[in-house]
Amino acid sequence: MQFGLTETQRLLKNSAREFFATECPMAEVRRLMEIDGAYDASLWQKLAENGWTGIIFDEHDGGMGLGLVEMAVAAEEMGRALLPGPYFSTVFLAGALLNSLPQARGRLRAICEGRERATVALLEESARWDAEGVRTEAANGRVTGRKLFVPDASTAESLLCIARSGGDLAIGLVAGCRSSRNTAPFGRGSEALAEPRPEGAVLTLAMPAIDRTRQLYCVDFDRAEVEVLATGDEAQRALERALDIATVALAAEMVGGMQRVTEIAVEYCKTRKQFGKPIGQFQAVQHQCADMLLLTESSRSAAYYAAWALQEGAPDARTAVSVAKAYASDAYREAGNRGIQVHGGMGFTWENDLHLYYRRAKASEIAFGDAAFHRERIARMVIDG
Amino acid sequence: MDLNYTAEEQKFRDELRSWLESHVPKDWTGRKAAGHSMEEHFAYLRAWQKQVYDGGWAGVSWPQEYGGRGATLMEQVVFTEEMARVSAPPLANVLGLALIGPTIIAHGAAAQKERFLAKILSADEIWCQGFSEPNAGSDLAALRTEARRDGDHFMVNGQKVWTSYGWAADWCELVVRTDPAAPKHKGLTVLLVDMHSPGVEVRPLRQMTGESEFNEVFFHDVRVPAENVLGAVNDGWNVAIGTLMHERATLGAGLHIVYRRQFQRLVDIARSIDRNGSPASHDPVLRQKLAQVYAEIEIMRLNQMRSLSRISQGGAPGPEGSIQKLFWSELNQRFQQVAQEVLGPFAQLDKGSEFAFDDGQWAYSYLRARGNTIEAGTSEIQRNIIGHFVLGLPRSY
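A brief look at the structure comes next. Bear in mind that the values here come from a model prediction, so they are computed numbers and not experimental data. (Residues numbered from 1 in each chain as written. Chains lettered and ligands numbered in written order. Predicted model: local features only at pLDDT ≥ 70, side-chain atom pairs only at ≥ 80, totals over all residues.)

**Points about the overall build of chain B**
Counting its secondary structure elements, chain B contains 11 helices and 10 strands. Its C-alpha atoms give chain B a radius of gyration of 22 Å, within 12% of the compact-globule value 21 Å for 397 residues. Residues counted as buried form 43% of the 397 residues belonging to chain B. (Helix = DSSP H or I, 4+ residues; strand = E, 2+ residues; numbered from the N terminus. Rg over C-alpha atoms; globule rule 2.2 N^0.38 Å. Buried ≥ 20, exposed ≤ 12 C-beta atoms within 10 Å, placed from the backbone.)

Written out as structure tokens, the structure reads:
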């Protein structure tokens, strides 16, 4: 039994850290977060050339064929770098969903090669993270319904739309979205939704939110052409699998963010002086840093265990996923709180990077279910049995 | 990263399981062998440890030459887990096994290892730690119990406090001041002291739970042979710190299994006890709290696995053990509070009350948990250690 990274995994971690430090420094994060979709084509090209877009997919499908622990390693470094744009939704969410459907795996090659971005449209007005809230209807090759909180929709060529088909759950593929899309200008949301559109059009409307590095959209389908990839139990199982994978990837990403926030705070506490001493010498400050480390390391244990359990198909894998996400959701926010607190006024400025992590922490806390959502999932598994 | 047990670890577990099946005493009820006094209870645990020793299972990761099994640290963990899984009685000589034995293995002279280690394993000699004093608690290095060199002996005078098992101990790992002129960390020495020596006086200290787990120990002109110095004279701080790191790293091993079993029991109670006309397990607020406790117990287990993996690859436990200590002690206090909320008015009922769940165990555990963030180094001291030794922040004291 060995709970630690292997030599190969450590090498992967180092090369990921180096890659993101070089290709996506904070200045680049700040530039991209002001752009629609936070997307940069040349960064995307480099991600693909270095294999990151195919990390968890079979070599047969054009990927690197690595496992979910390796996914967690990479995600952690991406979270540390605050990698902006559609990588997460393309690879860890939409990619994981396509990968869970044997008949759809052929579509992964375009993602691996960096030719295509994709996302999953799940939430609707009920804002539920399970498929029970889905009302969007797919019938006769057309899909109609309004999806909310769709990550990175403006840069996705393919939208995987979770819908109902004759009462059954269905996973539909709406392709070629980028060309037919109509992005409404900021502040004209409800008008744009009310305006008449050509039949089959997909309207994408920005939902400006707290984390600008990863943007959310309302996607309105009105009799859009759809290819149904799976229905019923198969669709349900594939969706659950993909959400579990994405949730673990997110938990690992959050660990990387927490780690970075802790480092920034500790560094500041060593150099900033008040009363003639580094503030890190005061226990009231020092103990905040100690707690940040405890939160980070505990989140790390939970995230890596969940990745391993999912990879191995351990009987407690789904509980492990919820333990990781429930804990990290509270921990990342709390680490952010303390990191900003020990910075005093500097921590509250736009120029300091901490608020970028603080914003990401909030968005990550919400994504794929917050702590309360996952605690209820744990309760169903361990109390109700 | 591979969390599957190796074939050897599995084989070890299987052998241990079958041994435990035929040897765990049937009259053990959990907390105590029913109806016994503290002394009888301890004699019972001592006899049990002797049996474990004779079976070849004491000191799993200790070298074979000192009576151990020479197995890996992971097998030691398996041992702790299996003992907890079958609710076996604890081993009597817990401080000798977990803390003092490993310190003697690390710092002891050959003759000391020969003299002391096997008797720790067999529980023929029970050990206690003489560390804290009335004016040296968190600031341990300020201790004042002094040892003056007198020919081939040291003459010891002073007082120790919070000495667990002091009343039962045959030997003590005692930290004393041998050079009052040196800076406080540089004038300390560790002595191995026979508790039956003339001049050693042990007085009970009653805890808020009503029990007397620990003692005050007084030393009046106690003569200790110079050959009983552990490590070097005036290098006692290094030796003592080694013991404390073992304490933080290993005291929590296996605790997650105890907590998990308590948690399962609490879930059973929650299913059966009424809350506003429905089972308490249906109450959305309690469900949230129970799930949080479950998650934290699980994370405690995982943190422990990571930390032990690191130690098994890199040698001695380091200051990261403070994270473990902080986590389990604060978790247990939250856990016991949730248990109180689930049990409602029944939570407060004490041992002996016929309406109490589990003979008052929950009221006891609630009170006992209060000590967790104080014993073995307060939470504040653990945060100082993490801040200074792990994060590299300037020392605050």
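After that view, the rundown keeps rolling.
**Focus: the overall build of chain A**
Looking only at helices and strands, one finds 13 helices and 11 strands in chain A. For a compact globule of 385 residues, the expected C-alpha radius of gyration is about 21 Å, and chain A comes in at 21 Å, within 12% of that figure. With respect to the three principal axes, the spread of C-alpha positions in chain A is 75 × 50 × 45 Å. Taking all 385 residues of chain A together, the buried fraction comes to 53%. Looking at chain A alone, contacts between residues at least 24 apart form 73% of all its contacts between residues at least 6 apart. (Contact = placed C-beta atoms within 7 Å.)

**Description of the interface of chain A and chain B**
Taken together, the 39 residues of chain A in the interface contact 37 residues of chain B. For the side of chain A that touches chain B, the elements supplying multiple residues, two or more each, are α9 (232-271), α10 (283-312), α11 (317-343) and α13 (371-382) of chain A. Of the residues that constitute the side of chain A that touches chain B, the class distribution is 24 nonpolar, 11 polar and 4 charged. (Nonpolar A, V, L, I, M, F, W, Y, C, P; charged D, E, K, R; others polar.)

**Comments concerning the pairing of strand β4 (residues 158-165) of chain A**
Residue and element names in this part refer to chain A. Burial analysis of β4 places 7 of its 8 residues in the buried class, the great majority of the element. Bridging between strand β1 (residues 118-121) and β4 involves 4 bridges; their strand directions are parallel. Bridging across to β4, Val120 finds its partner in Leu160. Pairing of β4 with strand β5 (residues 168-174) involves 7 bridges; the strand directions are antiparallel. Bridging across to β5, Leu159 finds its partner in Val174. As consecutive antiparallel partners, β4 and β5 are separated by 2 residues, and within that stretch Gly166 has a phi angle of approximately 55°, a positive value. (Pairing = 2+ DSSP bridges.)

**As for the environment of Thr319(A)**
Residues and elements named next belong to chain A. Position of Thr319 relative to the elements: it lies in helix α11. C-alpha of Thr319 to C-alpha of Arg223: the two residues are 96 residues apart in sequence and 38 Å apart in space. Those residues in contact with Thr319 that sit more than four places away from it in its chain are Ile378, Met381 and Val382.

**Remarks on the packing of helix α9 (residues 321-343) of chain B against helix α10 (residues 361-370) of chain B**
Residues and elements named next belong to chain B. The contact between α9 and α10 brings their axes to 9 Å, and the two run at 155°. When the axis of α9 is compared with that of α10, the two are roughly antiparallel. Viewed along their axes, α9 and α10 form a crossing whose handedness is left-handed. When α9 is examined against α10, the residues Asn332, Gln333, Gln336, Ala339, Gln340 and Leu343 are found in contact with a partner set consisting of Trp362, Ser365, Tyr366, Ala369 and Arg370. (Axes fitted to C-alpha atoms, helices over the stretch in contact; angles between N-to-C directions. Parallel < 35°, antiparallel > 145°, perpendicular 65-115°, else oblique. Left-handed = near helix turned anticlockwise from the far one by under 90°.)

**Remarks on the packing of helix α5 (residues 87-99) of chain A against α9(A)**
Residue and element names in this part refer to chain A. For the pair α5 and α9, the least separation of the axes is 8 Å and the interaxial angle reads 155°. Overall, the two elements α5 and α9 adopt an arrangement that is roughly antiparallel. For α5 against α9, the interelement crossing comes out right-handed. Within the contact between the two elements, α5 uses Phe92, Leu93, Ala96 and Leu97 and α9 uses Ala238, Leu239, Ala242, Ile245, Ala246 and Ala249. The residue makeup of the contact of α5 with α9, split by class, is 10 nonpolar, no polar and no charged.

**A few points about unusual backbone geometry**
The backbone of Phe368(A) sits at a positive phi, close to 60°, despite the residue not being glycine. Structurally, Phe368(A) is set in the loop between α12 (354-366) and α13. The phi dihedral of Asp359(B) is positive, around 50°, even though this residue is not glycine. With respect to the secondary-structure elements, Asp359(B) resides in the loop between α9 and α10.

**Remarks on the nonpolar core**
Residues Ala72(A), Val248(A), Ala303(A), Ala306(A) and Ala307(A) are the most contacted members of the largest nonpolar core, which totals 233 residues. Beyond its immediate sequence surroundings of up to four residues, Ala72(A) is in contact with Val248(A), Ala249(A), Ala252(A), Ala303(A), Tyr304(A) and Ala307(A). (Core = buried A, V, L, I, M, F, W, Y, C linked by C-beta atoms within 7 Å.)

**Details of the environment of Phe88(A)**
Residues and elements named next belong to chain A. One can find Phe88 in helix α5. Taking the number of C-beta atoms within 10 Å as the measure of exposure, Phe88 has 25 and is therefore buried. Distance from Phe88 to Asp353, taken between C-alpha atoms, is 21 Å for residues 265 residues apart in sequence. Ignoring anything within four residues of it in the chain, the contact list for Phe88 reads Leu93 and Arg214.

The analysis is restricted to geometry; functional conclusions fall outside its scope.
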